[in-house]
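# Working through the structure, step by step
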Amino acid sequence: MRKYAIGAAVSGALALSALAVPSASAATPDLSFSNVVVNHGKAIVVGTTNTVKVPVTYTFARPADLVIDDMKSVAGILLYRGASLSRQENELGPDDAPICTTTATTATTVTQSCTEVIYVEPDEYLYEAADAGTWKVAGFYSSSVSDNDDSDNHISMQFGYDMWGVPGSAQVKRAAKLTVNATPEPVKKGATLTVKGALTRADWASGRYTGYKGQAAALQFKAKGAGAYKTVKTVTSGTAGALSTTVKASADGSYRYSFAGTSTTGTATATGDYVDVK
């Protein structure tokens, strides 16, 4: 849970226990989260170091008399992985308050169009390979009331947290990388070229890129002066993600490997290696 959700200051276990055990805190407000779109509907691809900014848009409806000041009361969308709301294994939420525009009002309800950003920092919020896959969407509301005046030798804080399952999902994927090296260079026309490379992907547990074995990568060639690459053959990655194959040198041009991705891993394309054919 991120800092904006107030519950970030409290352990995730405490926040979830509030869902499972009846509480004496304030009554749950009648809130509605709908039309959620995460990352423009595209997969969230995360490497090992760079923070990924994930935009989220949604429709939010609240009681007209409910004040959300983004300090003592906050609301927004978060992503979670796990069997259910009460059995979450990981969670991603916003750092900052959403930006909302009122689109409709009645005597009892205010409807708003909202945008927020979830900052995915892999070294802090992604821990294992299981974090790659489908994440569910939830709406949250938290509020606090505090009395820090200790002149009477007493202070207090009341904290409330609510979460609702919301239709929608997001795919989180491990970023992939590809390399390529064609030898010998230069090469005689008709001679054999050996094209090697490696397919690796982010390992969040170690914070490194490690080999991705058993995956199909397309070897592609673009002749000098051509506008696009064409697939020559498909190569399967071996130990440590190694790629290797041979082709006959026919013309000057660039070779590269391209990977289409999987349900847990993003796409990758190597920078072309230009070969001069004599």
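Everything below is about the structure printed above this text.
This text gives an overview of the structure that appears in the document. (Residues numbered from 1 in each chain as written. Predicted model: local features only at pLDDT ≥ 70, side-chain atom pairs only at ≥ 80, totals over all residues. Heavy atoms only, no water.)

### Observations regarding the nonpolar core
Ranked by internal contacts, the top residues of the largest apolar core, which has 30 residues, are Phe33, Val36, Val38, Ile44, Tyr58, Leu79 and Val120. Secondary structure elements with two or more residues in this core: strand E1 (32-38), strand E2 (44-46), strand E3 (52-63), strand E4 (73-82), strand E7 (109-120), strand E8 (133-147) and strand E9 (156-174). Counting residues per element, this core draws most heavily on E3, at five residues. Setting aside chain neighbours within four positions, we find Val38 in contact with Ile44, Val54, Pro55, Val56, Leu79, Val137 and Ala170. Formed by 23 residues, the second largest nonpolar core is a distinct cluster that contains Ala182, Leu219, Phe221 and Val247. (Core = buried A, V, L, I, M, F, W, Y, C linked by side-chain atoms within 4.5 Å. Buried < 20%, exposed > 50% of the residue type's maximum accessible area, 1.4 Å probe, protein only. Helix = DSSP H or I, 4+ residues; strand = E, 2+ residues; numbered from the N terminus. Contact = heavy atoms within 4.5 Å.)

### Considerations on the packing of aromatic side chains
For any pair of aromatic rings, geometry is given as the distance between the ring centres together with the angle between the planes. Throughout the structure, instances matching the rule amount to seven aromatic pairs. On the basis of an interplanar angle of 80° and a centroid distance of 5.9 Å, the ring pair of Tyr212 and Phe259 is categorised as edge-to-face. Taken together, the residues Tyr212 in the loop between strand E12 (208-211) and strand E13 (216-223) and Phe259 in strand E16 (residues 253-259) connect sequence positions 47 residues apart. For the pair formed by Tyr212 and Phe259, the shared burial category is buried. Joined through ring pairs, the aromatic side chains of Phe33, Tyr58, Phe60 and Trp164 make up one cluster. One Lys or Arg, Lys177, reaches over the ring of Tyr209 and ends 4.2 Å from the middle of that ring. (Phe/Tyr/Trp six-rings, centres within 6.5 Å; stacked < 30°, edge-to-face > 60°. Lys NZ or Arg CZ within 6 Å of the ring centre and 35° of its normal.)

### Details of the sheet that holds strand E5 (residues 88-92)
Across the sheet, which stays open at both edges, the five strands sit in the order E2-E9-E8-E4-E5 with mixed pairing between neighbours. Both outer strands of the open sheet, E2 and E5, are each paired with one neighbouring strand and no more. Strand-to-strand twist of the sheet, defined as the mean angle between neighbouring strand axes without regard to direction, takes the value 45°. (Pairing = 2+ DSSP bridges. Axes fitted to C-alpha atoms, helices over the stretch in contact; angles between N-to-C directions.)

### Re the pattern of salt bridges
Evaluated as defined, the whole model comprises four salt bridges. The closest approach of N and O atoms between Glu89 and Arg81, which form a salt bridge, is 3.1 Å. Taking the relative accessible area as the measure of exposure, Glu89 reaches 52% and is therefore exposed. Because the salt bridges share partners, they merge into one network encompassing Arg81, Glu89, Glu128 and Asp131. (Salt bridge = Lys/Arg side-chain N within 4 Å of Asp/Glu carboxyl O.)

Treat this as a map of the structure, not an account of what it does.
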